[in-house]
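# Structural overview for review
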Amino acid sequence: MRPKVRAYKRPDKISDYPSTPAFESGHLVSKNAGWRTFKPVVDPEKCVGCLRCYLVCPDGVISRTEDNKVEIDYDFCKGCGICAHECKLDAITMKKEADEDE
Amino acid sequence: MTRMSNYNIRPKDLTDQEFFYGHKACAGCGATIAVRLALKVLGERTFSVLPANCMSAVSFIYPQMAFATNAMIAPFPATGAMLSGVAAGAKALGLKDFQTVGFAGDGGTADIGFQALSGAIDRGDDILYICYDNEAYMNTGIQKSGLTPYGTKTTTSPAGENLPGSVKHKKNMFEIVAAHGIAYAATASIGYPNDFLRKLNKAKSVRGPVYLHILASCPTGWGSKTELSVELAKDAVDSGLWYLAEYENDEFKLNVNPKEFASVENYLSKQGRFKHLKEEDINVIIEHRDKKWEKMRKTWL
Ligand SMILES: Cc1ncc(C[n+]2csc(CCOP(=O)(O)OP(=O)(O)O)c2C)c(N)n1
Ligand code: SF4
Ligand SMILES: [Mg+2]
């Protein structure tokens, strides 16, 4: 359960801007995927669902799946590698983005 | 260690909702772990106040807003004052079941926000103040604060022939806050997230001012690998350079008392900000640690 990215229409005229400095919470118009050099890949065979990675993810991109594993929202993962480093079972490996198709 | 353990929260008990999402913090930013977990425990009905610091700079980027809860920016020195105002305003509106939390950096807490924090505690306002301590003014490019440890290279505490970097030890913020007779105060580390969750949960139930001080690594300012952020914050506790403690009812309590400290050298060597340290500088750090622990062990156990 996360805020969704929505389309943003650039204001054309001054009246299109909000009238106060207040603005809607959870208003996302851009992703962070492009920051990554390496991407974390979860091996569901090895994952026991301890949720350590979920707990320590700075970006909150890891979530629980129905079968008690984890999955990653690659739209907002920056590839910091904390999840892979903290996983006691080596169930997450960092793979170079460019190598993905190999 | 077991006192107040009934406030424990397991990761699987946390809400699936993410209230701090899509922020533009550096990859591996430790402070964002602190903010994210805090909001998950405090919940949707939370008013957040942030002064100028990295956490506000990476989330209030018009038209992108990474806080999915109510949040606002305070002038740099005003976090404590704005928290009081928000809590009073919400009460005046008759709102029930809400939390008021501040997320200030070490600079915004120990230096510039200090007066407003002290005032808010003194008034006994029902607020939660979280200091995420990355040990320098990071958002403006790594300047030394009152919470920068001895021997840290920052842009205002350069290291060279004559200086080991910062020549002052960390300000004892936790004890200074406790000296107000605050309702509840605790230290934490993103290296011990379960301990932090418990303290947040406890903070939620306390009426009156609460102060949580959490060590949060910063790969950019610390010159460390992004994947090491959680490990480093744990190393800091295990090596005795940081400590996990609580204050309540006029009493201090050490939560973790290592039988043997992990290696200080190992902790320091993983960070660019300490790369220059000579053996004599490291000895100053260790000596200071030992003095601090001697005192804590005498009266905080
Ligand atoms: C009155 C005032 N002085 C200086 C600044 C510039 N400034 C913005 S963020 C910042 C650094 C804050 O450091 P800290 O509180 O440790 O938070 P961090 O950036 O490390 O997250 C400074 C000096 C400001 N915004 N307002
Ligand atoms: S400079 Fe440090 S504290 Fe600021 S966003 Fe980057 S990692 Fe986080
Ligand atoms: Mg700081």
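Further up the page is the structure itself.
These remarks concern the structure in this document. (Residues numbered from 1 in each chain as written. Chains lettered and ligands numbered in written order. Predicted model: local features only at pLDDT ≥ 70, side-chain atom pairs only at ≥ 80, totals over all residues. Heavy atoms only, no water.)

## Some details on unusual backbone geometry
Residues and elements named next belong to chain B. The linkage connecting Y62 with the following residue, P63, adopts the cis geometry, with an omega of 5°. For P63, the position within the fold is in the loop between strand 2 (60–61) and strand 3 (64–65). Residues other than glycine seldom take positive phi values, yet N249 does so here, at roughly 50°. Among the secondary structure elements, N249 is positioned in the loop between strand 9 (245–248) and strand 10 (251–254). (Helix = DSSP H or I, 4+ residues; strand = E, 2+ residues; numbered from the N terminus.)

## As for the packing of aromatic side chains
Under the definition given, this model contains 17 aromatic pairs over all chains. Each ring, one from F23(A) and one from Y62(B), has its centre 5.0 Å from the other, and the planes form 55°; the classification is tilted. Linking F23(A) in the segment before strand 1 (38–42) with Y62(B) in the loop between strand 2 and strand 3, this pair reaches from one chain into another. A relative accessible area of 33% places F23(A) in the partly exposed class. With a centroid separation of 5.1 Å and 70° between ring planes, the pair formed by F261(B) and W293(B) is classed as edge-to-face. Here F261(B) is found in the loop between strand 10 and helix 10 (264–269), whereas its partner W293(B) is found in helix 11 (residues 279–299), with 32 residues between them in sequence. Connected via pairs of aromatic rings, a cluster forms that spans F174(B), W242(B), Y243(B), Y247(B), F252(B) and W300(B). Above the plane of the ring of Y54(A) lies R36(B), whose end atom (NZ or CZ) is 5.3 Å from the centre. The side chain of K202(B) reaches across the aromatic face of Y184(B), ending 5.2 Å from its centre. (Phe/Tyr/Trp six-rings, centres within 6.5 Å; stacked < 30°, edge-to-face > 60°. Buried < 20%, exposed > 50% of the residue type's maximum accessible area, 1.4 Å probe, protein only. Lys NZ or Arg CZ within 6 Å of the ring centre and 35° of its normal.)

## With respect to the interface of chain B and chain A
In this assembly, 42 residues from chain B lie in contact with 36 residues from chain A. For the chain B and chain A pair, buried surface summed over both sides reaches about 3,200 Å², with 56% attributable to carbon and sulfur atoms. There are 1 salt bridge connecting chain B and chain A. For D16(B), the salt bridge goes to R64(A), with nearest N and O atoms at 2.5 Å. Among the secondary structure elements, those contributing two or more residues to the side of chain B that touches chain A are helix 1 (30–42), strand 3, helix 7 (193–205) and helix 9 (229–238) of chain B. Considering each element in turn, the side of chain B that touches chain A owes the most residues, 5 residues, to helix 1 of chain B. A breakdown of the residues in the side of chain B that touches chain A according to their chemical character gives 20 nonpolar, 13 polar and 9 charged. (Contact = heavy atoms within 4.5 Å. Buried area = accessible area lost by both parts, 1.4 Å probe. Salt bridge = Lys/Arg side-chain N within 4 Å of Asp/Glu carboxyl O. Nonpolar A, V, L, I, M, F, W, Y, C, P; charged D, E, K, R; others polar.)

## Side note on the environment of L228(B)
By the secondary structure assignment, L228(B) is in the loop between helix 8 (219–222) and helix 9. Here the alpha-carbon distance between L228(B) and C218(B), two residues 10 residues apart in the chain, equals 9.8 Å.

## Some details on the site of ligand 2
All residues in the neighbourhood of ligand 2 are listed as A25(B), C26(B), C29(B), C54(B), N134(B), C218(B), P219(B) and T220(B). Residue composition of the shell around ligand 2, by class: 6 nonpolar, 2 polar and no charged. (Near = heavy atom within 4 Å.)

## Considering the pattern of salt bridges
A full pass over the atoms with the stated rule returns 28 salt bridges over all chains. Residue D16(A) pairs with K13(A) through a salt bridge whose shortest N-O separation is 3.4 Å. Looking at D16(A), the relative accessible area reads 32%, which means it is partly exposed. For K292(B), the salt bridge identified is with E175(B), shortest N-O distance 2.9 Å. On the criterion of sequence distance, the pair formed by K292(B) in helix 11 and E175(B) in helix 6 (residues 173–178) is long-range, its members being 117 residues apart. Residue K292(B) shares its accessibility class with E175(B), and that shared class is buried.

## A look at the site of ligand 1
All names here are of chain B. Taken together, 15 residues are adjacent to ligand 1, and G107, G108, Y132, M138 and N139 come closest. Y132 has a polar side-chain atom sitting 2.5 Å from an oxygen atom of ligand 1. N134 has a polar side-chain atom sitting 3.0 Å from an oxygen atom of ligand 1. Against a free-state accessible area of 590 Å², the protein chains account for coverage of 73% of ligand 1. A per-element tally of the shell around ligand 1 places helix 4 (residues 106–111) first, with 3 residues. Taken together, the residues that form the shell around ligand 1 break down as 7 nonpolar, 7 polar and 1 charged. (Polar contact = N/O pair within 3.5 Å; in protein donor to acceptor, adjacent residues only side chain to side chain. Areas by Shrake-Rupley, 256 points an atom, 1.4 Å probe, with all protein chains shown as cover.)

## Concerning the coordination of the magnesium ion (ligand 3)
In a perfect tetrahedron of four donors around a metal, the angles come out at 109.5 degrees. In a perfect octahedron of six, they are 90 or 180 degrees. Residues and elements named next belong to chain B. D106 (OD), N134 (OD1) and A136 (O) make up the full set of protein donors to the magnesium ion (ligand 3), lying at 2.0 to 2.1 Å. Mapping the donors of the magnesium ion (ligand 3) onto the primary sequence yields the spacing D-x27-N-x1-A. Here D106 is found in helix 4, whereas its partner N134 is found in the loop between strand 6 (128–133) and helix 6, with 28 residues between them in sequence. Assigned by exposure class, D106 and N134 land together as buried. (Donors = N, O, S within 2.8 Å, 3.2 Å for Na, K, Ca; no water.)

## Structural notes on helix 1 of chain B
Residues and elements named next belong to chain B. If you check helix 1, its first and last C-alpha atoms are 19 Å apart, about what 13 residues at 1.5 Å a residue would give, namely 18 Å. Counting buried positions over the 13 residues of helix 1 gives 13, a clear majority of the element. Directly beyond the C-terminal end of helix 1, a positive phi value near 95° is found at G43. (Expected span 1.5 Å × (residues − 1).)

## Remarks on the environment of G165(B)
Residues and elements named next belong to chain B. Structurally, G165 is set in the loop between strand 6 and helix 6. Measuring from C-alpha to C-alpha, the distance between G165 and H276 comes to 8.6 Å, with 111 residues separating the pair along the chain. With residues near it in sequence (within four places) discarded, G165 still touches G151, T152, K153, S157, P158, A159 and H276.

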